[in-house]
Amino acid sequence: MWKRSNETTVLLVAILASFVAFLDASIVNVALPAIDRELGGGLAVQQWVVGGYLLALGSLILVAGALSDMFGRIRILRLGLMVFGVASLACAAAPAAAALIAARIVQGAGAALLVPASLALITLTFVGRDQHRAIGIWTGWTGTAFVIGPVFGGLLVDTLGWRLVFAVNVLPIAATLWLMARLADPPRQEPRAPIDALGACLAAAGLAGAVFALIEQQRLGWTNPRVLIPLAAGLISLGLFLWWERRVSYPMMPLQIFRVRNFGVGNIATVGIYAGLSLGMFALPVFLQQAAGFSATAAGLAVLPMSILSLALAAWFGRLSGRYGPRLFMAAGPLLAGTGFLLMLSVHEPLDFWQHILPGVLLAGLGLAVTVSPLTAAVLGAIETERSGIASAVNNAVARIAGLLGIAVAGAITGGLLDYAGFRRAALAAALMLFAGGAVSAVGIRNRP
């Protein structure tokens, strides 16, 4: 166990390292229209700017946890910060859309190294009640990234330009690296399991092929070989990934844990819930700017109530879920959030934000608050404590991949344009995905006695 004098430093490092990754995930959506105005490419490029980041993050987060175990939390965290920082500068300096997308993919790889290592650093350093308190502080501070991200990003875009949205990451990264100079990994006490490199490559190839086809079909068409071949290769790779994970001694994603009812059902529900939320929260700020004429700051403020409601009420609904069981909350929460997006179907020109958007945003934020803590508790509570680390990593990866797929289908749903009609189709699709997640929860989740 590390010396207690290091505990404050460790907590600061864990918070700052995760904060920068969560901030980047929430800050970019409001910058997409400005990026499109300068670099061009339309909706497909906007999808890739978000989807490329999620692709690397979702496909690498499991193997990143294994790297953290093998090489040490501090070492992997430092590597992740440097990769993320260099990629952020590359995003800020990108001369063309292709360069920005490539840098975003590298940035997602850096983020994949940050989150598992920062949480593992806390669990390594703190024990008992101190550990619960430290995780609570970490959750609270990193959660604020989702609150301030859209507004802060909007202000940067409107005043200094979209490139500062990425360049600003350098400041917290530099502060974190400075704090980490005082820390070192403790000696390893036992041998670590080997890394499932083939599984990681198959998962990444499968996701990349499928996502490429979903995004590019709006430009090339489904019958184009440049769409069909990546799609077929992606699906084959995903099939091989599942086959390999059943046979390898140390799998990246141990499939047998999906046989545990609440874990398996909870992850299926996660797909619908996070795909719907990601699609809706991708479409809304882009629509508000490109179709309704909002500034980037105003678009960030428009989605702010959703984040505030979620953070303010999530812990309360988590306690209620602990008392009454997660099933009711996991069924009702997505229903509320989906109904919020259905309310947005009323949008028409001229847009009345207070009537057409705000009621839906508030209801969606309430639904998110009702859902998230019970969902996490149901999924992780179904697995024995000694396997909670891999269970958390798997659910995190499922959520990120679901978000990636939700954004990837945006072009097919909207027809490649987020005007009023396109946004209504996106809001309807987001609502249906959320309803599906709630229905799976209502049917499949079981409350513990």
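What counts, and at which threshold
Residues numbered from 1 in each chain as written. Predicted model: local features only at pLDDT ≥ 70, side-chain atom pairs only at ≥ 80, totals over all residues. Heavy atoms only, no water. Helix = DSSP H or I, 4+ residues; strand = E, 2+ residues; numbered from the N terminus. Rg over C-alpha atoms; globule rule 2.2 N^0.38 Å. Buried < 20%, exposed > 50% of the residue type's maximum accessible area, 1.4 Å probe, protein only. Contact = heavy atoms within 4.5 Å. Core = buried A, V, L, I, M, F, W, Y, C linked by side-chain atoms within 4.5 Å. 1 Å grid on protein atoms, 1.4 Å probe; cavity = no way out; pocket = protein on both sides within 12 Å on 5 of 7 lines; lining within 4 Å. Points joined across faces, edges and corners; volume = space filled by probe spheres on them. Salt bridge = Lys/Arg side-chain N within 4 Å of Asp/Glu carboxyl O. Axes fitted to C-alpha atoms, helices over the stretch in contact; angles between N-to-C directions. Parallel < 35°, antiparallel > 145°, perpendicular 65-115°, else oblique. Left-handed = near helix turned anticlockwise from the far one by under 90°. Nonpolar A, V, L, I, M, F, W, Y, C, P; charged D, E, K, R; others polar. Phe/Tyr/Trp six-rings, centres within 6.5 Å; stacked < 30°, edge-to-face > 60°. Expected span 1.5 Å × (residues − 1).

Participant: Please provide a residue-by-residue account of the overall build of the chain, values included.
Facilitator: When helices and strands are tallied, the chain shows 17 helices and 0 strands. Computed over the C-alpha atoms, the radius of gyration of the chain is 21 Å, within 12% of the 22 Å expected from 2.2 N^0.38 for a compact globule of 449 residues. Considered along the principal axes of its C-alpha atoms, the chain spans approximately 65 × 55 × 45 Å. Within the chain, buried positions represent 53% of all 449 residues. Restricting to contacts in the chain with at least 6 residues of sequence separation, those with at least 24 account for 83%.

Participant: A description of the nonpolar core should follow, citing residues and the corresponding values.
Facilitator: Ranked by size, the top nonpolar core spans 133 residues in total, and within it Leu100, Trp162, Phe341, Ile357 and Phe423 carry the most contacts. Each residue touching leucine 100, except ones within four places of it in the same chain, is listed here: Ile35, Leu39, Val49, Cys91, Ala94, Trp162 and Phe166. If you look at the next biggest cluster of nonpolar residues, it comprises 5 residues, including Phe317, Leu320, Phe329 and Val370.

Participant: Pulling in residues and values, what's your account of the side chain of threonine 270?
Facilitator: You can see threonine 270 is positioned in helix H11 (residues 261–290). Not counting chain neighbours up to four residues away, the residues in contact with threonine 270 comprise Ala275, Leu375, Asn395, Val398, Ala399 and Ala402.

Participant: Pulling in residues and values, what's your account of unusual backbone geometry?
Facilitator: Cis peptide bonds are those with omega within 30 degrees of zero, and the linkage from glutamate 349 to proline 350 qualifies with -10 degrees. Tracing the backbone through its elements, the reader meets proline 350 in the loop between helix H13 (327–343) and helix H14 (353–381).

Participant: An account of the layout of surface pockets is needed here, citing residue identities and associated values.
Facilitator: If you add up the space inside the second largest pocket, you get close to 480 Å³. Looking at the second largest pocket, it is lined by 22 residues, and the ones nearest its centre are Leu207, Leu238, Met253, Val398 and Ile401. At 5 residues, helix H15 (residues 388–408) tops the list of elements feeding residues into the lining of the second largest pocket.

Participant: Now, about the pattern of salt bridges: what can you tell me, with residues and values included?
Facilitator: Close approach of charged atoms allows side chains with opposite charge to pair. Tallying each qualifying case throughout the model produces 2 salt bridges. Ionic pairing is found between aspartate 24 and arginine 104, a salt bridge with its closest N-O pair at 2.4 Å. With aspartate 24 in helix H1 (residues 7–27) and arginine 104 in helix H5 (residues 97–125), the pair connects residues that are 80 residues apart, well separated along the chain. Judged by relative accessible area, which is 2%, arginine 104 ranks as buried. Between glutamate 38 and arginine 163 there is a salt bridge, and its shortest N-O distance comes to 2.6 Å.

Participant: Give a detailed account of the packing of helix H12 (residues 296–324) against H14, specifying residues and quantitative values.
Facilitator: Where H12 meets H14, the closest approach of the two axes is 6 Å, and the angle between their N-to-C directions is 30 degrees. By the angle between their directions, the pair H12 and H14 is classed as roughly parallel. Read as a crossing pair, H12 and H14 show a hand that is right-handed. Contacts between H12 and H14 pair Ala302, Pro305, Met306, Leu309, Ser310, Leu313, Ala314, Ala315, Phe317, Gly318 and Ser321 from the former with Phe353, Leu358, Val361, Leu362, Ala364, Gly365, Leu366, Leu368, Ala369, Val370, Ser373 and Pro374 from the latter. For the contact of H12 with H14, the class distribution of residues is 18 nonpolar, 5 polar and no charged.

Participant: Residues and numbers for the environment of glycine 154, please.
Facilitator: Within the secondary structure layout, glycine 154 lies in helix H6 (residues 128–159). Assessed through its relative accessible area of 0%, glycine 154 is described here as buried. Each C-alpha atom, one on glycine 154 and one on leucine 124, is 37 Å from the other, the two residues being 30 residues apart in sequence. Glycine 154 has contacts with Val30, Ala296 and Thr297, leaving out every residue within four places of it along the chain.

Participant: Describe in detail the environment of alanine 315, supporting the description with residues and values.
Facilitator: The residue alanine 315 is located in helix H12 in this model. Note on alanine 315: relative accessible area 47%, which makes it partly exposed.

Participant: Which residues make up the packing of aromatic side chains, and what values go with them?
Facilitator: Tallied over the full model, the rule gives 10 aromatic pairs. A ring pair is formed by phenylalanine 258 and phenylalanine 263, whose centres lie 5.2 Å apart and whose planes are at 65 degrees; its orientation type is edge-to-face. Judged by relative accessible area, which is 27%, phenylalanine 258 ranks as partly exposed. Members of the aromatic cluster, each reached through a chain of ring pairs, are Phe287, Tyr420 and Phe423.

Participant: Tell me about the packing of H11 against H12, and name the residues and values.
Facilitator: Look at H11 against H12: their axes get within 9 Å of each other, and the N-to-C directions meet at 145 degrees. H11 and H12 meet at a crossing whose hand is right-handed. Each of Met281, Leu284, Pro285, Leu288 and Gln289 in H11 lies in contact with H12, whose residues at this interface are Ala296, Ala299, Ala302, Val303 and Met306.

Participant: I'd like a rundown of H11, residues and numbers included.
Facilitator: Here H11 is 30 residues long and its end C-alpha atoms lie 44 Å apart, about the 44 Å a rise of 1.5 Å per residue gives. Among the 30 residues that make up H11, 24 are buried, leaving the element largely enclosed by the rest of the structure.

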